[in-house]
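Architecture at a glance
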Amino acid sequence: MDEALQIFVDESLELLRDMEAALVVCERDAENTDADTINSIFRVAHTIKGSAGLFGLDGIVGFVHVLETALDRVRIGSVSMDREFVVLLLDCTDHIEALVTAVAAGKEDRHPSFDARSLQLSTLLQVKAGAVTTAGTAGAAAESSSVAKARAGSRNDTQCALAQHWHVSVRFKADVLQAGMDPLSMIRYLTTFGSIVDLQVVDDKLPGAQSLDPELCYLGFEFGLRTDADRSRIEGAFEFVRDDCTLRLLAPGSRYTEYAAVIRELPEPDARAGELFVKCGTLTVDELARCMSHGDVADSTTTQSDAEDSIAEVSADRQRDAKPSKDSKATENRSIRVDARKLDDLITLVGELIIAAASANLDARRTHSAQLEESTSRLSNLVESVRDSALQLRMVKIGATFNRFQRVVNDVSRETGKDIELVVTGEDTELDKTVVERIADPLTHLVRNAVDHGIEAADVRVSRGKPARGTVSLNAYHDSGSVVIEVSDDGGGLKRDRILAKATERGMIESGRTLSDAEVYALIFEPGFSTAEQVTNLSGRGVGMDVVKRNIAALRGSINIESTEGAGTKIIVRLPLTLAIINGFLVGLGESTFVVPLDMIEECVEFSADSAHDYTNLRGQPLPFIRLRELLKIAGSGGRRENIVVVNYGGQKAGLVVDELLGEFQTVIKPLNRMFNAVKCVSGSTILGSGDVALILDVPALVQAAVDASSGAARPLALSA
């Protein structure tokens, strides 16, 4: 049961994200919200209520039922989806998420604090739902049977349904109420695009008071429906109870044989079923007699084959209603839900397999057995394929994370009174699930900062010749084995002079020191640094940007800022694709071995440079380099023939001078102990086939060190804790 409950929690949180995204769309243009969007919101509430009922989560069921009722009134047109109502619905979404999260934490969904909030929101929903009269809808649904019968005089012998007049026959299963479904809500929805004619309640199965179970449904309905809608739209009204009811539709222009077939299929006796058709105005008494006398035999104007085709069509429709198509089943079965911990275990085992395969390769070379080397080579290829497949299982699109920020921008815009649009691109960019989860909070802070600090007020923007509506953009793409995430805005940009003055005032830099733009902008990541003139609910206390940088660094990533005062700011975050396994390139320094991420390597060239300089000529272009032996304080002197590994990170090239090039290596990343957190230029470790430990070099830090050294701005970066 715990596993099933966890599935409910996971699915509910996913559904709430979808509901939130749809509501944000509604808030932007509430007056033009389409029916599909409203239906998608209603579907989420309906699904969560039904699922919560299976686990006896009465607190969730009770609150969501009130929400569903309000949404149902929106569906039938009784309540308008204005901006005020959307904000209320967003609050309801947050409350449901809090209830579901409490269940996930092993707590009850009934608690005084929860009940108080549920009561508050439920009251607001009920007030809103009752604020618009339903007289118009009720009047549209009230049509007398005499009108329908008067129109029936023009029917010929083979067609007994008028144009635009459908007959709807529905029988609900006994447990439909236990599944959280409300049969009447489906019937009410039909009045949004048609008029119900003389609805007849079929209560033949209703037991006596002593035997009646209030949790069971004993009713069915027969009624006429005047509408211009097609079959699919009418069937769509019963989408949520498709598996909990038997639905039969008779279209305008149906033949007597079709009516006869439906009457005989109903669970009631033929006489009783025919009586219901007459009472709801679909058939006259004479037409009913003709239907039953014709039966399955064609009359004088209908051929036998036509009658058989009509009956076959009814049968096909009934079978289509009763079960999904093979294609839909095939689509549903393409994916399964897997516990993330199982994937983590799989990645760990694959990592151990890679290490074992490397050890087998090394042993094979030592034996000088060609056959054994060939076998271990095939094994290595298979292990590499397994590795790629296993890693792909953990790769997810970043679009789901990006879409969460629609709500963030929406809420902050409302709080600050600004008109801001969020533009998202690169949603299909994939990276490791662990990275996605851990980057969500830093990105949230960056987006909130862009809205609060970056975008100016509408009147200020207009005075500067900008559109009144500001734009915050999120973009993601792959680059040199990394994922790049850009958070940009078209606001006022960073004020370089103010940042520099504030840093000088706090003693962070020496007065009169010359800094590049990148160095100045990097100061905002210092703890407690802020240039805000006043503290708001969103920012101004200098807390956050330092945490953002620390969290990104913990993911072996980097963050940089580009800004133009008056034009906007772009924050560039670079992250590794995965935190588990990478393709590496082994290099040797004396007796030590190091790993350079292969995706960041452009080429390897022979070392040739004046010992007095920290740069070399690479095909006519200066290439700054750094001597790893000196940087990492490796004992001994360099080899007779040194090499330069040319790496590229963020568009900057640099060279790493090493003794030996040892070739490619599948690298299983092992994190360093916390006692090594202060170690520079090393991002992790790995185990070689020989059992030795090799350190993984931090290429971003090394590139920056090489660039700084060549420009004379180098700082000590020795390998020391």
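The structure reproduced in this document is the subject of the present report. No experiment lies behind these values; they were computed from the predicted model shown.

Conventions and cut-offs
- Residues numbered from 1 in each chain as written.
- Predicted model: local features only at pLDDT ≥ 70, side-chain atom pairs only at ≥ 80, totals over all residues.
- Heavy atoms only, no water.
- Salt bridge = Lys/Arg side-chain N within 4 Å of Asp/Glu carboxyl O.
- Helix = DSSP H or I, 4+ residues; strand = E, 2+ residues; numbered from the N terminus.
- Buried < 20%, exposed > 50% of the residue type's maximum accessible area, 1.4 Å probe, protein only.
- Pairing = 2+ DSSP bridges.
- Axes fitted to C-alpha atoms, helices over the stretch in contact; angles between N-to-C directions.
- Contact = heavy atoms within 4.5 Å.

The next thing to look at is the pattern of salt bridges. Counted under the stated rule, the structure contains 38 salt bridges. Here Glu 239 and Arg 43 are joined by a salt bridge, their closest N and O atoms 3.4 Å apart. Remark: Arg 43 occurs in helix H2 (residues 35-54) and Glu 239 occurs in the loop between helix H9 (231-236) and strand S4 (245-250); sequence separation between them is 196 residues. Judged by relative accessible area, which is 40%, Glu 239 ranks as partly exposed. Linking Arg 272 and Glu 275 is a salt bridge whose minimum nitrogen-to-oxygen distance equals 3.8 Å. Residue Arg 272 and its partner Glu 275 are both found in helix H11 (residues 270-279); the two are separated by 3 residues, about one turn of the helix. Look at Glu 275 and you get partly exposed, because its relative accessible area is 36%. Salt bridges sharing common partners tie together Arg 17, Glu 20, Glu 27, Arg 83, Asp 94, Glu 97, Arg 407, Asp 411 and Arg 414.

Moving on to the sheet that holds strand S15 (residues 615-618). Reading across the sheet, the 5 strands line up as S14-S17-S18-S16-S15 and stay open at both edges, with mixed pairing between neighbours. Unpaired on one side and paired on the other, strand S14 (601-606) and S15 mark the two borders of the sheet. Averaged over all pairs of adjacent strands, the angle between strand axes in this sheet comes to 35 degrees, irrespective of strand direction. Where S15 and strand S16 (residues 621-627) come together, 4 bridges link them in antiparallel fashion. Bridging from a neighbouring strand, Tyr 615 pairs with Pro 624 of S16.

Moving on, we come to the pairing of strand S18 (residues 652-658). In terms of residue burial, S18 counts as a mostly covered element, since 5 of its 7 residues are buried. By the bridge criterion, 3 bridges tie S16 to S18 in an arrangement that is parallel. Paired with Ile 626 across the bridge in S18 is Leu 656. Two successive antiparallel strands, strand S17 (residues 643-649) and S18, enclose a turn made up of 2 residues, where Gly 650 displays a positive phi of approximately 65 degrees.

Let us look at the environment of Phe 585. Topologically, Phe 585 is positioned in strand S12 (residues 581-589). For Phe 585, a relative accessible area of 12% translates into the label buried. It is 8.5 Å that separates the C-alpha atoms of Phe 585 and Ile 601, two residues lying 16 residues apart in sequence. If we skip the residues at most four places from it in the chain, Phe 585 touches Phe 594, Val 595, Val 596, Leu 598, Ile 601, Cys 604, Leu 661, Gly 663 and Glu 664.

Attention now moves to the sheet that holds strand S2 (residues 195-202). Taking strand neighbours across the sheet as the criterion, the 4 strands line up as S2-S3-S1-S4 in an open arrangement whose pairing is antiparallel. Of all the strands in the sheet, just S2 and S4 have a single pairing partner and so form its edges. Adjacent strand axes in the sheet meet at a mean angle of 15 degrees when their direction is disregarded. Of the pairings in the sheet, the one linking strand S1 (residues 165-172) to S4 comprises 6 bridges and is antiparallel in character. Bridge pairing in S4 links Val 168 to Leu 249. Against the sheet, helix H8 (residues 183-190) engages S1, S2 and strand S3 (220-226), with an angle of about 10 degrees to S3.

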